Amino acid sequence: MINLSKSGTRMPVQAPEDRIHNINEVAEGFTEEMAVREALRCLQCREHPCMTEGCPVSNHIPDFIRKITEGEYEEAYQILTETTVLPAVCGRVCPKYLQCEGNCVRGEKGRSVAIGSLERFVADLHRKRVLAGEIEEKTAACSAEETGSEGTAASGKTTDGAAAKKVAVIGSGPAGLACAKDLSGAGYDVTVFTRESTPGGVLAYGIPVFRLPEEVLRFEVDGLSAAGVKIETEKELGKDITIDTLMGEMGFSAVFIGNGAGRSMGLGIPGTDLSGVISAADFLDGLNAAGEDKEKLDSVLPGAKTIAIIGGGNVAMDACRFAVRIPGAEKVSVVYRRSVKEMPADPAELAEAMEEGVEFIYLTAPLEVLGEGGKVTGLKCQKMELSEPDASGRRKPVPVEGSEFTLAVDAVVEAIGSSSDNDGLDGVAVSDRGYIIVDADTLATGRAGVFAGGDTVTGPKTVIAAMGAGRRAAREIDAYLKK
């Protein structure tokens, strides 16, 4: 008899002492027995807040979970793909504790249903069966019905024989991929332009492979290509393409900009020009590209033995956890100016970083990167204390007089946030921080036919939030073009 305990089913993971010596995926995934046992914990409640309040794309969570309990795993996968482009990705990297699982009724008196782990299970099983030749990948998108469009044939024409209108999507991250998928399904001729050599945006270069393996992302991106979405790599906006050329000589009727927020924000303190200081984006990109090549891993921060990560968000967690896997790294510390209670990082990621031996130095702010001979030798810091809560309830860090001290480090990773890189927008207005300004209701910019969404508008948020913005933009673009 299956035990439906309040504690739920926990996904098996690599032991900390093993995983710090490899870049294999830490979480090992549910077995079929585990998935069914966990799915049976779902109460199938009438209001399903996990879906209506917790999921930005309104995944049909109770429906796909019910199919798991019935052993209908492929049907569960198809239910998910009605609303999400990247189920295997979201099942791994979404902050589920804030979203679906955070709104699960089960969580009121015990452990929430492991919705993300179940999503990952059905997506991974689907991928394995496709690659094994047991089933064929279904490439028909569901969104044609949602938008009311007629759909398109493989010839690039609508079902009435007319040529499909062309839409350009700038950026191949979650916002761009979601928008492209829905527009393609609605009958448009869609081309995604990305400045990187590998599609995926932040999913490809900003998330460690031990959290999101390359083959998982590649399969989901390849599925879009098979469905008719064209992807052009190494095409940078403002350099290789412009809004003017896209909507002029290239003949695109509309443009969606979803190029994320990939420009790192610096610490703004002396010494950041020293060798050994690197942005978290460049750090993670370099390590992901290195794979398991130890020489390439070491070349990202040559000779680094003591590494300080500045920041307290999920990017800082990714950076510190990857840092402990660098050959030769002896000590990795996270420096954060508030306490652990204010740390915005996913608690599960924080716990795993602690298991892996990362040191956390709280209530501490960096003042200066110290160096000798052009290389980092230390980090001058100051202790902080938290003020009384302000009107918003937030407690600000306040310097403690006379509390300066020096950390002996030979590398510093800046992980304090990022802004959008929006040069060459041809008349599209941006804010002082570089974020694109759009109409709150339609995601339309001030230029006719140009829309934007995701991190390039809101600043860094979650994968699923960006995906939701991409899907919303697709509906608005469809409505605009029908006029």
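This write-up is about the structure you can find in this document.

1. Notes on the overall build of the protein
Tallying secondary structure elements over the protein gives 18 helices and 15 strands in all. Here the C-alpha atoms of the protein give a radius of gyration of 23 Å, agreeing with the 23 Å that 2.2 N^0.38 yields for 483 residues. By its C-alpha atoms, the protein is 75 × 65 × 50 Å across when sized along the principal axes. For the protein, buried positions account for 51% of its 483 residues.

2. Examining the packing of helix H4 (residues 61-69) against helix H5 (residues 73-80)
When two helices pack together, their arrangement is given by the angle between the helix axes and the distance between those axes. Orientation of H4 relative to H5, taken along the N-to-C sense of each, is 170°, at an axis distance of 8 Å. Relative to H5, H4 is oriented roughly antiparallel. Residues Asp-63, Phe-64, Lys-67 and Ile-68 of H4 touch H5, and the partners they reach there are Tyr-73, Glu-75, Ala-76, Ile-79 and Leu-80. Its residues assigned to classes, the contact of H4 with H5 comprises six nonpolar, no polar and three charged.

3. Observations concerning helix H16 (residues 347-355)
Glu-349, Leu-350, Glu-352 and Ala-353 are the residues of H16 that are buried. The arc that holds the buried residues of H16, viewed along the axis, is 165°, so those residues lie on one side. Where H16 is buried, its residues touch helix H1 (16-19), helix H15 (314-323) and strand S9 (359-361).

4. A short note on the side chain of Gln-382
Tracing the backbone shows Gln-382 in strand S11 (residues 375-386). Of the residues examined, Gln-382 reaches a relative accessible area of 11% and is grouped as buried. Only 3.3 Å separates the side chain of Gln-382 from the side chain of Glu-404, close enough to count as a polar contact. The residues contacting Gln-382, other than those within four sequence positions of it, are Leu-363, Thr-364, Ala-365, Leu-367, Pro-399, Val-400, Ser-403, Glu-404 and Phe-405.

5. So, unusual backbone geometry
For Ser-58, which is not a glycine, the phi torsion comes out positive at approximately 55°. Tracing the chain through its elements places Ser-58 in the loop between helix H3 (49-52) and H4. What makes Ser-58 partly exposed here is its relative accessible area of 32%. If you check the backbone angles, Asp-426 has positive phi at about 50° while not being a glycine. Tracing the backbone through its elements, the reader meets Asp-426 in the loop between strand S14 (418-419) and strand S15 (450-452).

6. So, the nonpolar core
With 68 residues, the main nonpolar core has Ile-61, Phe-64, Ile-65, Ile-68, Leu-118 and Ile-477 as its most contacted residues. If one sorts the elements of this core by residue count, helix H18 (residues 463-482) sits on top with eight residues. Beyond its immediate stretch of four places on either side in the chain, Ile-477 contacts Val-167, Cys-179, Leu-183, Ala-254, Phe-256 and Phe-451.

7. Description of the layout of surface pockets
Of the pockets and cavities examined, the second largest pocket occupies roughly 710 Å³. Along its surface, the second largest pocket is lined by 32 residues, and Thr-198, Ala-204, Tyr-205, Asn-288 and Ala-289 are the ones closest to its centre. Broken down by element, the residue count for the lining of the second largest pocket peaks at six residues, all from helix H11 (residues 214-226). Grouping the amino acids of the lining of the second largest pocket by side-chain chemistry returns 13 nonpolar, eight polar and 11 charged.

8. Quick look at the sheet that holds S9
With parallel pairing, the five strands of this open sheet are ordered in space as S6-S13-S7-S8-S9. At either margin of the open sheet sits one strand with a lone partner, and together these are strand S6 (277-279) and S9. Looking at each pair of strands side by side, their axes are set apart by 25° on average, direction ignored. Relative to strand S13 (residues 411-414), strand S7 (residues 306-310) runs parallel, the two being bridged by four bridges. In the sheet register, Ile-310 faces S13, and the bridge partner there is Glu-414. Helix H13 (residues 280-290) contacts S6 and S13 of the sheet and is inclined by roughly 85° relative to S6.

9. Comments concerning the sheet that holds strand S10 (residues 364-372)
Read from one edge to the other, the open sheet built from three strands follows the order S10-S11-S12, with strand pairing classed as antiparallel. Strands at the two margins of the open sheet, each flanked by one partner only, are S10 and strand S12 (397-407). Here the average twist between neighbouring strands, direction ignored, is 20°. Alignment of S11 against S12, held across seven bridges, turns out to be antiparallel. When the bridges of S12 are listed, Gln-382 appears paired with Glu-404.

10. Section: the pattern of salt bridges
Two side chains carrying opposite charge are able to pair once their charged atoms lie near each other. Enumeration according to the criterion identifies 26 salt bridges in this entry. Its salt-bridge partner being Arg-120, residue Asp-124 comes within 3.3 Å of it at the nearest N-O pair. Taken together, the residues span about one helical turn, with Asp-124 and Arg-120 both in helix H7 (residues 115-131) at a distance of four residues. Accessibility classification places Asp-124 together with Arg-120 in one group, the buried group. A salt bridge links Arg-195 to Glu-196; its shortest N-O distance comes to 3.3 Å. A residue is classified by how much of its surface remains accessible, and Glu-196, at 22% relative accessible area, is partly exposed.

Conventions we followed
- Residues numbered from 1 in each chain as written.
- Predicted model: local features only at pLDDT ≥ 70, side-chain atom pairs only at ≥ 80, totals over all residues.
- Heavy atoms only, no water.
- Helix = DSSP H or I, 4+ residues; strand = E, 2+ residues; numbered from the N terminus.
- Rg over C-alpha atoms; globule rule 2.2 N^0.38 Å.
- Buried < 20%, exposed > 50% of the residue type's maximum accessible area, 1.4 Å probe, protein only.
- Axes fitted to C-alpha atoms, helices over the stretch in contact; angles between N-to-C directions.
- Parallel < 35°, antiparallel > 145°, perpendicular 65-115°, else oblique.
- Contact = heavy atoms within 4.5 Å.
- Nonpolar A, V, L, I, M, F, W, Y, C, P; charged D, E, K, R; others polar.
- Arc of directions from axis to C-beta.
- Polar contact = N/O pair within 3.5 Å; in protein donor to acceptor, adjacent residues only side chain to side chain.
- Core = buried A, V, L, I, M, F, W, Y, C linked by side-chain atoms within 4.5 Å.
- 1 Å grid on protein atoms, 1.4 Å probe; cavity = no way out; pocket = protein on both sides within 12 Å on 5 of 7 lines; lining within 4 Å.
- Points joined across faces, edges and corners; volume = space filled by probe spheres on them.
- Pairing = 2+ DSSP bridges.
- Salt bridge = Lys/Arg side-chain N within 4 Å of Asp/Glu carboxyl O.

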